[in-house]
Amino acid sequence: MMASKFLRVKCRKCKNEQVVFERPSSSIKCLVCEEVLAEPTGGKAKIKTDVISKV
Ligand SMILES: [Zn+2]
């Protein structure tokens, strides 16, 4: 099986759920409140909020 490439996360601030890339090249922000959800590291993202599941 291929490794998962996306994560479903939930914004701690506004509870919005969205799918984010596991290895982003730039910060990922909540689409609703613009809270930073994940930061790039060059590898797997540093997730700054709650991960619900892999996609
Ligand atoms: Zn939010």
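In this report, the structure presented in the accompanying data block is examined.

Structural notes on the overall build of the protein
Looking only at helices and strands, one finds zero helices and six strands in the protein. Of the regular secondary structure in the protein, the N- to C-terminal order runs β-β-β-β-β-β. The C-alpha atoms of the protein give 11 Å as radius of gyration, which agrees with the globular expectation for 55 residues (10 Å, within 12%). Along the longest, intermediate and shortest principal axes, the C-alpha atoms of the protein span 35 × 20 × 15 Å. Look at the contacts in the protein between residues 6 or more apart in sequence, and 31% of them connect residues 24 or more apart.

Notes on the pattern of salt bridges
Scanning the model with the defined rule gives four salt bridges in all. Lys 13 is paired through a salt bridge with Glu 35; the nearest N and O atoms lie 3.6 Å apart. Residue Lys 13 is located in the loop between strand 1 (6-10) and strand 2 (17-21), and its partner Glu 35 is located in the loop between strand 3 (28-29) and strand 4 (36-39); the two are separated by 22 residues in the primary sequence.

So, the sheet that holds strand 6 (residues 50-54)
Taken in spatial order, the three strands make up an open sheet running 2-1-6, and their pairing is antiparallel. Both outer strands of the open sheet, strand 2 and strand 6, are each paired with one neighbouring strand and no more. Going across the sheet, the axis of each strand differs from the next one's by a mean of 35 degrees, ignoring polarity. Sheet analysis places strand 1 next to strand 6, joined by four bridges and oriented antiparallel. Bridge assignment links Val 9 to a residue of strand 6, and that residue is Val 51.

Observations regarding the pairing of strand 2
Only one face of strand 2 is buried, namely the one carrying Gln 18 and Val 20, since none of Glu 17, Val 19 and Phe 21 on the opposite face is buried. Where strand 1 and strand 2 come together, five bridges link them in antiparallel fashion. Within the sheet, the bridge partner assigned to Lys 10 lies in strand 2 and is Glu 17. Turn length for the strand 1-strand 2 hairpin, with the two strands adjacent in sequence and antiparallel, is six residues, and the turn residue Lys 15 shows positive phi of about 70 degrees.

Rules of the game
Residues numbered from 1 in each chain as written. Predicted model: local features only at pLDDT ≥ 70, side-chain atom pairs only at ≥ 80, totals over all residues. Heavy atoms only, no water. Helix = DSSP H or I, 4+ residues; strand = E, 2+ residues; numbered from the N terminus. Rg over C-alpha atoms; globule rule 2.2 N^0.38 Å. Contact = heavy atoms within 4.5 Å. Salt bridge = Lys/Arg side-chain N within 4 Å of Asp/Glu carboxyl O. Pairing = 2+ DSSP bridges. Axes fitted to C-alpha atoms, helices over the stretch in contact; angles between N-to-C directions. Buried < 20%, exposed > 50% of the residue type's maximum accessible area, 1.4 Å probe, protein only.

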